[in-house]
Structures are given as C-alpha cells and as structure tokens.
Amino acid sequence: MARSHGADVDPAIGHLEQALAVMPDGHDQLAELLSLLSRAHAYQYIRRGALSDLDTAIQVAQRAVTAAGDGHPQRHTYLADLALHEHARFEHSGALVDLTDAIHHFGSAIAVMRPDDPDRPVHMTEQGMAYQRKFDHSGQAADLERAIDLGEQAIATASESHSEWPRMLARLSSAYRKRFRFTGTAEDLDQAFNLAKRAADAVDDTSLDKVTCLLTLSNAHMARFDRNGSPADLDQVIDLGEHVLVEIEHPDADWAVVAANLCSAYWKRFDRGGVAADLDRGIALGEAAVAQTPDSAANKGSYLAHLGAIYQARYSRFHEVTDLDRAIHHTKFAVEITPQSHYTRPGYMSDLAGLHHRRYRRSKRQADLDMASDLVEQALALSSPNDPERARYLSNLSIFHTTRFDLLHADADLNRATALARQALSAAPHDHPHRAIYADALAGAYQAQLDASTQTVSQHQLRTLARDVSEATTSFPVHRIKAATSVGLLAAAMGEYATATEMLDTAVTLLPSAVPRETSWSDQEHRLGAQTGLVGEAVAAHCATNDVRGAVEIAELGRGILLAAQLDSRTDLTDLEEAEPKLASAFQHVRAQLNTIDDGPTGSPQSTVTLRRRLWTEYDDLLAQIRGRPGFTRFLLPPRFNDLRTAATGGAVLLVNASEKRGDAIIIHADADPELVPLPELTLAAVRSRGAYLLSATATGDSDLVTVLPEILSWLWDTAVHPILDALAQTGDSPLRIWWMPLGLLNLFPLHAAGHPDEPGALDRLVSSYTSTLRTLTYARARPPSTERHQLVVALDRTPGLANLVGTAIEAAALQAQHPDIPPLINETATATGVLTALPRSTWVHLACHASTNATAPSQGGVHLHDRVLRLSEVSRLHLKHAELAYLSACSTADGGIRHADESLHLASAFQLAGFRHVIASLWPLKDRLAAVAARAFYERLPDKPTADHSAAAMREVTLMLRDRYRARADVWAPLIHTGP
C-alpha cells in the first residue's frame with residue numbers, strides 16, 4: 001500500500017459518508033464515491049495503524065466493486081484498490097485468506113484491462129508482490145516463479161517514464177533476491193542487485209516510492225554481503241538505512257522495516273568488526289521495531305529474530321546472562337509466530353538451537369544441549385535441499401554432537417559430528433563467507449577424535465582441511481583466524497609441524513586485520529584477547545622444525561599489535577616529505593586526526609566510529625599511493641628480522657615461550673644467528689598453574705606472596721633461566737646485559753629474579769631489562785638521549801576514596817629537593833590536566849601514587865590522580881620528544897594481566913610509547929614505605945647526568961640491596977623492573 005503524509009482525512013470521510021447517505025442505489029457515481037471513501041479509510045489506517053480503519057476500507061471497497069458491475073469502465077481500479085487493502089490487512093494480521101483474496105482480485109483487475117492501459121503493469125507488479133508474500137509462507141517455488149513472471153511482464157510493457165517504474169524494478173528485485181535465498185543461484189543475486197540499483201537511480205527524491213527503492217537497494221546489498229562477505233556492502237546497508245530513517249516518520253510502518261533491517265546490519269557488522277557501538281545502536285533500533293509492530297504482522301518474526309541475534313552478539317561480547325536470556329526469548333517467539341511452511345522458519349530454529357547451546361556451555365544443563373540438537377534436526381527436516389543456509393544447519397548440528405561427545409563420550413556422537421561437518425563443507429560454495437566457520441567445526445571434530453584416540457586423522461584429511469581454510473578468503477578475518485588456529489593445533493598434535501606452521505602463521509598474520517581500527521582500545525583489546533596463546537603455539541611450531549628465525553619473526557608480528565599501530569603513527573616522515581611533499585602533508589594530516597580522536601568524545605560513540613572509519617579509509621588510500629612511489633614500497637610494513645636484530649646491541653634479547661607441547665628460549669644476537677635453547681621442563685600447564693598462584697597471591701596480600709614466590713623463583717630457575725644462562729656462554733665475572741622478551745603468560749613472572757633461596761641466581765649473573773617486542777626496544781634505542789634534566793614529581797599521599805600512602809610524601813620531598821626546577825604536583829594539584837600539561841615540559845618524571853589495572857580492558861587502567869584516573873590509553877597517545885626516564889612508583893605498573901599478555905598493555909609500555917627511553921615499573925604492589933626506599937636508592941645510584949642509560953644497572957643494584965636486607969621476602973625485592981635500552 002502506498003505511503004501517505006497527508007493531513008487528517010476525518011473531514012473527508014465525513015463528507016463522503018453524508019453524500020453516500022443520500023445517494024440512491026444504482027446512481028452512476030455510487031461506485032466512484034465508495035472508492036474514494038475506501039481510499040480515505042485506507043489512508044487513515046496508514047496514519048493511525050488501527051486495523052478497524054482497514055476493515056472498513058475493505059468493506060467499502062467490496063461495495064464499490066459490487067456497485068460498479070461487470071461492465072463499469074473503472075471496475076479494474078476498484079478491484080485493484082480492494083486487492084491493495086486486502087494485502088495490507090494480511091501484512092497487519094498475517095491472515096493468509098486476505099493474501100489469497102488479494103491475488104484473486106489483482107488477477108480479476110488485470111483480466112478486464114486493455115493491454116495498453118498504463119495501470120496494467122502496476123497491478124501486475126502488485127500481484128507479483130502478493131505472490132512473493134505467499135511464497136514466504138508456502139515455500140512453494142511456483143509462487144515465486146509466478147511473481148518473477150509478473151514482474152518481468154510489467155517492466156517489459158511499461159515505459160521507463162512511467163511514474164511507477166522505480167517501484168516495478170524494486171518489486172522485481174525483491175523477487176529475484178528471494179529466489180537467490182531459496183536456490184543460491186548467483187545470477188539471481190546479480191539480477192536482484194542490478195534491478196535495485198536501477199530503481200534507486202530512477203526514483204525521484206520527492207517520490208513516496210523513494211523509501212521503497214532505497215530499502216530494496218539496502219536489502220540487495222545485505223544479500224550480497226551475506227553471500228560474499230564484502231564489508232563495503234554492509235556499510236552501504238547501514239548508510240542507506242540511516243538515510244531512510246531520516247526521511248520517514250517514526251510511527252510509519254516503513255520505519256519499523258528499516259529499523260529492523262538496520263538492527264540486523266549492525267549485528268553483522270559487529271560480528272565482522274567487533275565494534276561495540278554497533279551493538280548499542282542495533283539493539284535500540286531492533287527494540288523499537290519490535291515494540292511498534294503487532295504480533296500478527298507478517299514481518300514480526302524476522303524483527304524478533306534480528307533482535308535475538310544482536311542480543312546474542314552482545315552476550316558474546318560482555319557475557320551478561322540477561323542478554324542471553326533476551327536472545328532466547330525473542331528468537332523463541334520468532335519461531336512460535338512463524339508459520340511451519342515459511343522459508344525463514346528453519347533459520348530461526350537453527351538460531352534458537354545455537355542459543356541453547358550457548359546456554360549449555362554456561363550452565364552445563366543437558367536439557368539445553370538436547371534442545372539445541374532437536375531444534376536443528378527439525379530445521380534440517382524443514383529446509384529444502386537447495387537452501388543456501390543448509391550448510392549452516394549441518395555445521396551447527398556437528399558442533400552440538402561434538403559437545404555431546406565431550407559430555408557423554410559416546411562414539412556415535414563423534415562419528416556423526418565428523419560426518420555432518422564434512423557435509424557442511426561440501427554443501428557450502430568455495431567462496432562462501434561462512435566456509436571458515438564450517439572448517440573450524442570439522443577441525444573440532446577431528447581434534448576430539450584425536451584426543452579420544454577413537455579414530456585417527458589421516459595426513460590427507462589434515463591437508464585437505466588446511467587447504468579449505470587457506471582458500472576461505474571471503475570469510476571474516478576473525479573466523480579465518482579461529483579456523484586456522486584450530487587446524488594448526490590439530491596438526492601440531494599430530495606431529496605435522498609443517499602444516500602446523502603454515503596454519504598458525506596464517507592465523508597470526510591475520511591478527512591485525514581482525515582488530516577494529518575505527519573504535520576504542522577496549523574493542524580492539526577484546527578481539528585480540530580472544531587469541532591468547534596463539535603466538536606462543538606458532539613460535540613453538542617453528543621451533544619444532546628448527547626454524548628459529550621464523551619463530552622470532554612470527555613472535556614479532558603477532559605481539560604488541562596495538563603498540564605497533566601506535567608506533568606506526570609516530571613514524572618519521574622526513575624522507576617522504578623530501579620526495580613527495582604533498583603526499584606527506586596529506587598523510588600527516590589524516591594521521592594527526594586519528595591520533596587526536598579520544599576514546600570518549602563529546603559526540604556519540606556511533607558518530608566517533610563513523611568518523612574514524614572515514615579517516616582510516618583515507619589513510620589506507622594514501623598509504624597505497626605512498627607504497628606505489630619509488631623507494632617507499634616497504635613504507636610502514638613490518639620491519640624485517642635483519643632490521644630488528646640491532647635491538648640486541650650490547651647484549652642479547654631472550655625470547656622465552658611455553659606452549660602445549662614444548663618450551664623454548666631463543667637467544668637473539670645483534671651480530672649472529674638466533675640460537676634455539678629447548679626448555680623441555682617449561683610446560684604451559686605449569687605456567688598456567690603458577691601464574692594463577694601468583695595472581696591470587698598478589699591479590700590477597702603479602703603473606704601469600706611470601707609463601708608462593710620462593711617456589712616460583714626456583715621453578716623459573718630450573719625450567720628456564722638456568723638452561724638459558726648455560727647457553728649464553730658467559731665469560732668473566734661481569735654480569736651479562738640482557739633483555740627478557742617473555743611470551744604469553746610468562747609476562748607475569750619475574751624472570752630477572754629467578755633462583756633458589758640463598759643461592760646465586762639470575763640477579764648475580766645478569767643486568768636485566770624487559771621488552772614487549774624487538775620493535776619497541778628498537779624504538780627506544782632510536783630516540784636521542786636527553787641533554788637536560790627537567791624533573792617532574794607527581795605524588796599523592798592522599799587520594800580520594802583510596803588508602804593513604806604515607807611514604808610517597810617522603811619520596812617526593814627528597815627528589816624535589818635535589819631537582820626543584822619544575823613545580824611538583826602534590827595531592828590536590830596532581831590532576832589529570834595538570835599532569836598532561838606538565839609532561840611535555842619534563843624529561844624525567846616520578847609518579848608516586850595509586851595505580852590500577854583492568855583485566856578485561858587494560859587500556860582503561862591507569863594512575864589514580866586527585867580528580868580522576870589518567871588512563872593508559874591517554875598516556876600512550878602522547879608524543880614526548882625529549883622524554884628520558886619515567887619512574888612509576890605505583891602498584892602493578894608492569895602488569896598486563898592474563899587475557900592480553902601478548903599485547904603487553906600496561907603503564908610501563910604506555911610511558912615508553914609516549915616517548916620515555918627508560919621506564920621503571922613494578923610487577924605487583926609494593927608497600928609505599930619500601931617503594932620510597934627503593935626509589936631513593938635508585939636515584940642515588942644514577943650518575944648526575946641528564947641521561948638515564950645506567951638505569952638497568954642501577955635497578956639491579958637496588959634489587960640486590962633489597963635482597964640482602966629482606967632475603968626471605970622476595971615480594972619486597974623481586975617486583976621492580978626496567979624497560980628500555
């Protein structure tokens with residue numbers, strides 16, 4: 001039914017009813033007046049949404065048809081009006097009898113029209129649309145074929161200048177899109193898209209059909225995204241939908257259609273990119289669409305399914321059980337109100353099955369697992385053999401049977417899981433965007449077979465699966481990473497390390513592409529946190545094949561991804577400015593804009609994401625242009641190993657790794673090949689258990705640390721540090737200069753302090769520092785040493801809401817007395833604005849205050865100042881040109897937690913990224929009185945120079961001093977570490 005923005009038609013209805021009341025039966029204008037009254041009630045329905053208006057419109061239209069008789073010249077018009085109203089009532093109530101009547105009356109109208117009547121193709125188009133809706137409910141291909149036939153006849157007989165031409169194209173596009181959804185024929189999708197594009201191009205901006213045409217184009221983009229996985233199509237869906245929302249009134253029925261489509265688009269874009277702001281916008285639109293749509297409406301099921309899907313996505317992001325409950329509620333309702341024969345019902349049932357499976361994984365209630373399996377079995381039974389979604393149903397059922405095998409250990413479940421996963425892969429086209437998901441399910445079934453020793457997995461099966469993953473290039477990066485990781489781990493478990501290396505390298509290489517650049521660090525951290533342990537397994541696979549250099553390169557590529565992106569934003573552009581000044585200027589401008597957008601701007605999160613997305617598109621375009629210029633082909637590409645090895649100048653960098661199957665260290669020299677040191681006693685299981693002990697002890701307090709640390713330090717010495725020292729070939733009594741580069745959970749441990757109680761250990765033989773990657777160490781080395789010392793002291797012995805730190809006042813006073821050139825920021829003056837303003841004027845900074853970490857979003861941790869927390873993400877954005885030393889005398893300033901261990905996101909790395917060549921930090925909280933003692937001793941041992949290049953040696957001396965004083969208290973002398981050259 002056409003949309004109307006007209007004024008209230010109550011007066012018109014009143015006048016028409018008065019005229020009809022005095023008009024005798026048989027009057028030659030009776031049918032015309034009845035038709036006008038019918039249309040007025042229909043327009044009133046559009047304005048108010050009251051079904052009673054539509055009921056009246058149909059009754060009056062029926063009277064008009066009767067009054068016109070068989071030979072009336074406008075009989076086709078009255079029949080078509082009646083059909084339109086009946087179709088509208090079907091959309092409102094879902095009563096199929098109305099749809100059947102509409103098809104019949106459209107046919108009757110067409111039958112009495114002249115072949116050249118300009119309204120004939122219009123009525124054919126509307127009858128075709130009614131057949132489309134009948135197909136939606138019946139699933140009968142004949143109905144859809146009839147719709148396409150009518151649509152093709154309509155555009156074949158109508159002129160392109162016809163006022164309804166864009167609408168005809170849009171309706172036919174919809175029919176082809178549905179046939180694609182039913183059969184999976186690519187030609188139908190192409191035809192649907194081309195017709196939709198022609199409709200959108202042809203429609204006038206003032207036409208009431210503009211919304212229909214833009215919505216049809218949006219749907220075509222969505223179908224193309226679902227098939228090909230192109231993010232550009234999904235962005236177009238959202239751009240078109242948001243544009244259409246501005247064009248129409250909120251209560252309009254079209255508003256609900258657009259809002260529901262946008263809900264689905266935002267869900268899918270979150271699934272691909274991981275931007276949490278997409279979830280919030282999508283849920284708001286989905287809730288509004290569902291709320292204003294009656295349960296009897298034909299589209300209500302799809303709106304509910306979209307809303308359930310996006311709540312499920314938010315559950316996967318934040319793990320709030322209320323979101324999972326909402327997802328199940330809405331999806332279950334969608335299944336209940338969708339007719340058994342409707343072609344979308346199997347998809348809703350499969351969605352609901354997936355939600356029950358999620359709830360099983362949370363609650364371990366077998367009833368949910370049973371329900372999941374039953375639902376997807378029903379979905380398969382209802383779906384047609386050519387249903388493009390059939391592969392998804394098969395894959396889901398495979399996953400459920402694998403889960404059931406884990407629970408009940410019945411071989412039949414595992415056999416069925418494997419068979420179903422193979423069927424899913426066979427059913428999916430080679431370029432389908434979900435193919436990586438289906439390959440991951442098969443890898444899971446194979447892994448379960450291997451773990452249970454029930455069946456073997458052949459080399460041929462493994463290599464075939466690896467090829468499937470490698471060729472799944474249209475799948476989302478996050479799904480490709482998961483599938484490649486699963487196959488890589490399977491290969492490693494089988495001892496097929498060449499395949500393991502190939503697959504795990506693929507996963508690591510894809511990591512940067514899975515990070516949503518356009519959003520805040522918290523979204524980026526979440527995506528990377530899901531891949532914990534991946535880099536370590538890839539390194540282990542390289543070590544298993546004795547590819548030591550490859551191990552170092554893959555470790556460098558996959559760790560510190562967010563830090564590397566920040567380093568890219570500081571790349572010196574001098575060479576580019578000399579060769580290509582215009583490109584350099586444009587690139588610098590875009591880069592500066594990206595660096596100045598805060599994570600929490602005054603605008604909405606959605607507008608910030610949109611701005612960032614636009615800037616990143618400009619950035620990528622400029623980057624491609626730069627790399628096309630002579631001499632700049634490797635501009636901002638990851639550094640090669642030979643460029644990075646210089647980080648070890650003056651000593652050695654020690655990469656330490658523990659994986660499921662093996663432990664290794666790699667000694668990296670500036671002037672020799674890297675050296676592999678197998679660590680057979682360093683197992684990931686032991687790292688996990690001791691990491692849990694350490695984290696628990698640091699959380700509960702001193703007494704637990706006193707108990708736990710001696711055993712941990714002894715274990716570190718025996719399994720890792722001592723074998724590494726044996727391989728270092730130390731000569732003479734002078735301690736060796738080394739930089740620890742631990743991977744994964746090993747970041748939690750004080751490797752520099754390893755050793756048995758009362759015996760010489762790492763402290764006695766090494767001057768230790770830490771680095772997250774070779775690149776960050778190279779970055780710190782490349783910065784020029786400071787030529788002046790401008791000391792900033794920030795100290796809070798009283799912080800609102802936190803315990804007093806008495807020792808900080810003494811700590812600050814002693815340092816300020818020696819270096820009074822910059823006014824100190826003490827207590828009330830130590831505000832975030834004050835610190836951020838003072839830092840660029842300082843070369844040395846000492847912070848004595850509380851600090852906090854955030855296990856799920858490390859970038860939200862920071863130092864507690866008088867007015868607020870100065871976040872890690874704020875510090876990392878600074879670009880301090882002359883920064884030399886930052887001493888972070890605060891709690892856990894080098895603790896990046898478990899989930900994001902490979903990103904090394906903590907205050908120490910943030911200050912180094914901001915520009916400080918040297919950073920002193922702590923792995924766990926240290927009593928403020930002892931922290932003051934350590935700080936004073938550290939500064940006393942530094943030469944009176946503006947540079948701090950003696951920092952690592954000075955910190956070692958301080959640690960040795962504290963160990964001598966508190967020999968039984970490793971919690972006192974082991975936490976302080978140095979980062980830098």
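Residues numbered from 1 in each chain as written. Predicted model: local features only at pLDDT ≥ 70, side-chain atom pairs only at ≥ 80, totals over all residues. Heavy atoms only, no water.

The name recorded for the protein in an unreviewed UniProt entry is CHAT domain-containing protein, from Kibdelosporangium aridum.

A. Spotlight on the UniProt feature "repeat: TPR" (unreviewed entry) in the protein. When the UniProt feature table is mapped to this numbering, "repeat: TPR" (unreviewed entry) covers residues 481–514. The span residues 481–514 shows a helical share of 91% and a strand share of 0%, and its end C-alpha atoms are spaced 8 Å apart. (UniProt positions renumbered as here; feature names shortened; annotations may be inferred. Helix = DSSP H or I, 4+ residues; strand = E, 2+ residues; numbered from the N terminus.)

B. Representation of the pattern of salt bridges in the model. Taken as a whole and judged by the stated rule, the model has 54 salt bridges. With a shortest N-O distance of 3.0 Å, Asp 278 and Arg 269 are connected by a salt bridge. Taken as a pair, Asp 278 and Arg 269 share a single burial class, namely buried. The closest approach of N and O atoms between Asp 440 and Lys 482, which form a salt bridge, is 2.6 Å. Taken together, the residues Asp 440 in helix α20 (residues 435–452) and Lys 482 in helix α22 (residues 477–493) connect sequence positions 42 residues apart. (Salt bridge = Lys/Arg side-chain N within 4 Å of Asp/Glu carboxyl O. Buried < 20%, exposed > 50% of the residue type's maximum accessible area, 1.4 Å probe, protein only.)

C. Broad picture of helix α11 (residues 231–247). Counted at 1.5 Å a residue, the expected span for α11 with its 17 residues is 24 Å, and the 25 Å between its end C-alpha atoms agrees. Looking only at α11, the buried set comprises Asp 233, Leu 234, Val 237, Ile 238, Leu 240, Gly 241, Val 244 and Leu 245. (Expected span 1.5 Å × (residues − 1).)

D. Geometry of helix α4 (residues 75–93). Between its first and last C-alpha, α4 extends 27 Å over 19 residues, near the 27 Å set by a 1.5 Å rise per residue. For α4, the buried fraction is high: 15 of the 19 residues fall into the buried class. One or two residues past the end of α4 sits Gly 94, with phi positive at roughly 80 degrees.

E. View of the domain arrangement of the protein. By domain assignment, the protein separates into domain 1 (9–226), domain 2 (248–380), domain 3 (388–511), domain 4 (573–628), domain 5 (641–737 + 755–761) and domain 6 (778–979). A straight line from the C-alpha centre of domain 3 to that of domain 4 covers 39 Å. (Domains from an automatic or database assignment.)

F. Main features of unusual backbone geometry. A positive phi angle is found at His 409, which is not glycine, with a value near 60 degrees. Inspection of the secondary structure assignment puts His 409 in the loop between α18 (390–408) and α19 (411–427). Here Asn 546, not a glycine, exhibits a phi torsion of approximately 65 degrees, which is positive. Positionally, Asn 546 belongs in the loop between α25 (534–544) and α26 (548–558). For Asn 546, a relative accessible area of 56% translates into the label exposed.

G. Here's a closer look at the packing of aromatic side chains. Within the structure shown, the criterion is met by 11 aromatic pairs. For the ring pair Phe 911 and Phe 916, a centre distance of 5.9 Å and an interplane angle of 50 degrees mean the geometry is tilted. This pair shows no difference in class: Phe 911 is buried, exactly as Phe 916 is. Sitting over the face of the ring of Phe 193, Arg 224 holds its NZ or CZ atom 3.7 Å from the ring centroid. Of note, Arg 789 hangs over the ring of Trp 844, and the distance from its end group to the ring centre comes to 3.6 Å. (Phe/Tyr/Trp six-rings, centres within 6.5 Å; stacked < 30°, edge-to-face > 60°. Lys NZ or Arg CZ within 6 Å of the ring centre and 35° of its normal.)

H. Quick peek at the packing of α22 against helix α23 (residues 497–514). The interhelical angle for the contact between α22 and α23, taken along N-to-C directions, is 160 degrees, at an axis separation of 8 Å. Relative to α23, α22 is oriented roughly antiparallel. In the crossing of α22 with α23, the sense of the turn from one axis to the other is left-handed. Contact with α22, carried on its side by Pro 477, Val 478, Arg 480, Ile 481, Ala 484, Thr 485, Val 487, Gly 488, Leu 489, Ala 491 and Ala 492, involves Tyr 497, Thr 499, Ala 500, Met 503, Leu 504, Thr 506, Ala 507, Leu 510, Leu 511, Ser 513 and Ala 514 of α23 and no other residues of that element. Tallied by class, the residues present in the contact of α22 with α23 amount to 16 nonpolar, five polar and one charged. (Axes fitted to C-alpha atoms, helices over the stretch in contact; angles between N-to-C directions. Parallel < 35°, antiparallel > 145°, perpendicular 65-115°, else oblique. Left-handed = near helix turned anticlockwise from the far one by under 90°. Contact = heavy atoms within 4.5 Å. Nonpolar A, V, L, I, M, F, W, Y, C, P; charged D, E, K, R; others polar.)

I. The arrangement of the nonpolar core in detail. One finds Leu 465, Val 539, Ile 666, Val 794, Phe 911 and Phe 916 to be the most contacted residues of the largest nonpolar core, which totals 160 residues. Tallying contributions element by element places helix α12 (residues 253–273) first for this core, with 11 residues. Those residues in contact with Leu 465 that sit more than four places away from it in its chain are Leu 425, Ala 439, Leu 442, Ala 443, Tyr 446, Val 487 and Leu 490. Ranked by size, the runner-up nonpolar core spans 72 residues in total, among them Ala 697, Tyr 770, Ala 848 and Ala 948. (Core = buried A, V, L, I, M, F, W, Y, C linked by side-chain atoms within 4.5 Å.)

J. The pairing of strand β6 (residues 791–795), seen in detail. Across the five residues that make up β6, a large majority, five, are buried. Pairing between β6 and strand β8 (residues 844–848): five bridges, direction parallel. What sits directly across from Ala 795, in β8, is Ala 848. Pairing geometry for β6 and strand β7 (residues 825–826), over two bridges, is parallel. Counterpart to Val 794 in the pairing with β7 is Leu 825. With helix α36 (residues 806–818) bridging β6 and the parallel β7, this β-α-β connection has right-handed handedness. (Pairing = 2+ DSSP bridges. Right-handed = clockwise from strand over helix to strand, strands pointing away.)

K. Examining the environment of Gln 127 more closely. Inspection of the secondary structure puts Gln 127 in helix α6 (residues 120–138). Distance in space between the C-alpha atoms of Gln 127 and Arg 146 is 9.3 Å, their sequence separation being 19 residues. Other than its neighbours up to four places away in sequence, Gln 127 contacts Ile 103, Phe 106, Gly 107, Ile 110, Arg 146 and Leu 150.

L. Spotlight on the environment of Arg 120. You can see Arg 120 is positioned in helix α6. On a C-alpha basis, the gap between Arg 120 and Gly 151 in space is 11 Å, while along the polypeptide they are 31 residues apart. Those residues within four positions of Arg 120 in sequence are excluded, and the remaining contacts are Ile 110, Met 113, Arg 114 and Pro 115.

M. Representation of the pairing of strand β2 (residues 663–668) in the model. Counting buried residues in β2 gives six out of six residues, a clear majority hidden from the surface. The alternating pattern of β2 places Gly 663, Ala 665 and Ile 667 and Asp 664, Ile 666 and Ile 668 on opposite faces, both of which are buried. Examined bridge by bridge, strand β1 (residues 652–658) and β2 share six bridges and lie antiparallel to one another. Along β2, the bridge assignment pairs Ala 658 with Gly 663. Turn length for the β1-β2 hairpin, with the two strands adjacent in sequence and antiparallel, is four residues. With four bridges joining them, β2 and strand β3 (residues 675–678) adopt antiparallel strand pairing. The residue bridging Ile 667 from the neighbouring strand is Glu 675, located in β3. Once β2 ends, the chain turns through six residues before running back antiparallel as β3.

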